[in-house]
Amino acid sequence: MEPLAYRTHPVSFTRRGGRLTERQQNAWDTLGAYVLDVPRHGPNTSVDPHYVLDTAGAFGREAPLIVEIGSGRGEALVHAAAEHPELNFLGLEVYVPGVAQTLVTMRHAQVENVRLVIVNAAEALTTMLPAGSVHELRIWFPDPWHKSKHRKRRLVTPAFAELAARVIEPAGTWRLATDWEDYAEQMHDVISHSPQFSGCEWSPRFEGRVLTRFERKGLDAGRLIRDISAVRRTP
Ligand SMILES: C[S@@+](CC[C@H](N)C(=O)[O-])C[C@H]1O[C@@H](n2cnc3c(N)ncnc32)[C@H](O)[C@@H]1O
């Protein structure tokens, strides 16, 4: 397959550069090995479709894998990893300063059970992650794309649910949270209509999630936070 110079489908993110702060650069220089180097297939957030991540190899141990998509500055990811040193945590994020900030937070919390990949999560779920390798998939406060002309950029669609189903192990969990009511409805609709998931429910706030700045922003704006969870059916 020829590498692509650009993507032909809308993606759920915009290209955002941004310089690293001195602290972020310092964390990158010392902890950069936690950011996994994956072969690209065009844009620098792509992944070669022939590449499959050796998940146990990446962590140097076998342990249940928790994947967070759009881990941002890593607040929830690092907090959860510190609370559960027995689990492996993988953050998939396209925003480089966010990944660098995650390294800063990791250093502060002294956690070692986190790995990061700078990648479009949709591509990572299509080929990079082995089928059935994920114990729990988390998406906290995905970009809402709330204008109707931008809705096609939303991450959680029926096609995306198929990708989630590919990587989540049988009886594994998919958790999501958003502060945008119509996106919450869309998520619930997509997952409850997917034959691959059962028990799609409006859930109480997931107690394993620390308050991130995006959740805080939603609360400050008076928006309701909706949590959803579902279980991957056993084929
Ligand atoms: C609104 S922010 C929420 C960040 C974090 N989850 C939180 O609650 O603070 C959404 C994040 O998802 C990332 N993102 C959006 N689409 C993505 C994709 N296809 N693959 C990986 N990351 C993505 C963005 O770069 C951004 O950091």
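Small disclaimer: the values here were computed from a predicted structure and weren't measured. (Residues numbered from 1 in each chain as written. Predicted model: local features only at pLDDT ≥ 70, side-chain atom pairs only at ≥ 80, totals over all residues. Heavy atoms only, no water.)

Draft legend 1. View of the side chain of Glu215. Within the secondary structure, Glu215 sits in helix 8 (residues 213-220). The contact partners of Glu215, leaving out residues within four places of it in the chain, are Phe141, Arg205, Arg209, Val210 and Ile225. (Helix = DSSP H or I, 4+ residues; strand = E, 2+ residues; numbered from the N terminus. Contact = heavy atoms within 4.5 Å.)

Draft legend 2. Region of the structure containing the environment of Met187. Of note, Met187 is situated in helix 7 (residues 181-192). On the accessibility criterion, Met187 (0% relative accessible area) is buried. It is 6.1 Å that separates the C-alpha atoms of Met187 and Val156, two residues lying 31 residues apart in sequence. When neighbours within four sequence positions are excluded, Met187 is seen to be in contact with Pro142, Val156, Leu176, Thr178 and Ile228. (Buried < 20%, exposed > 50% of the residue type's maximum accessible area, 1.4 Å probe, protein only.)

Draft legend 3. A look at the packing of aromatic side chains. For the structure on display, the rule yields 3 aromatic pairs. By the ring-pair criterion, three or more aromatic residues cluster together here, those being Phe160, Trp174 and Phe197. Here the basic side chain of Arg153 rests over the ring of Trp145, its NZ or CZ set 4.8 Å away from the ring centre. (Phe/Tyr/Trp six-rings, centres within 6.5 Å; stacked < 30°, edge-to-face > 60°. Lys NZ or Arg CZ within 6 Å of the ring centre and 35° of its normal.)

Draft legend 4. Representation of the site of the ligand in the model. Taken together, 20 residues surround the ligand, and among them Ser12, Gly70, Glu93, Ala121 and Trp140 come closest. In the environment of the ligand, a nitrogen atom lies 2.7 Å from a nitrogen or oxygen atom belonging to the side chain of Ser12. Separating a nitrogen atom of the ligand from a backbone N or O atom of Gly70 is a distance of 2.8 Å. Its residues assigned to classes, the shell around the ligand comprises 10 nonpolar, 5 polar and 5 charged. (Near = heavy atom within 4 Å. Polar contact = N/O pair within 3.5 Å; in protein donor to acceptor, adjacent residues only side chain to side chain. Nonpolar A, V, L, I, M, F, W, Y, C, P; charged D, E, K, R; others polar.)

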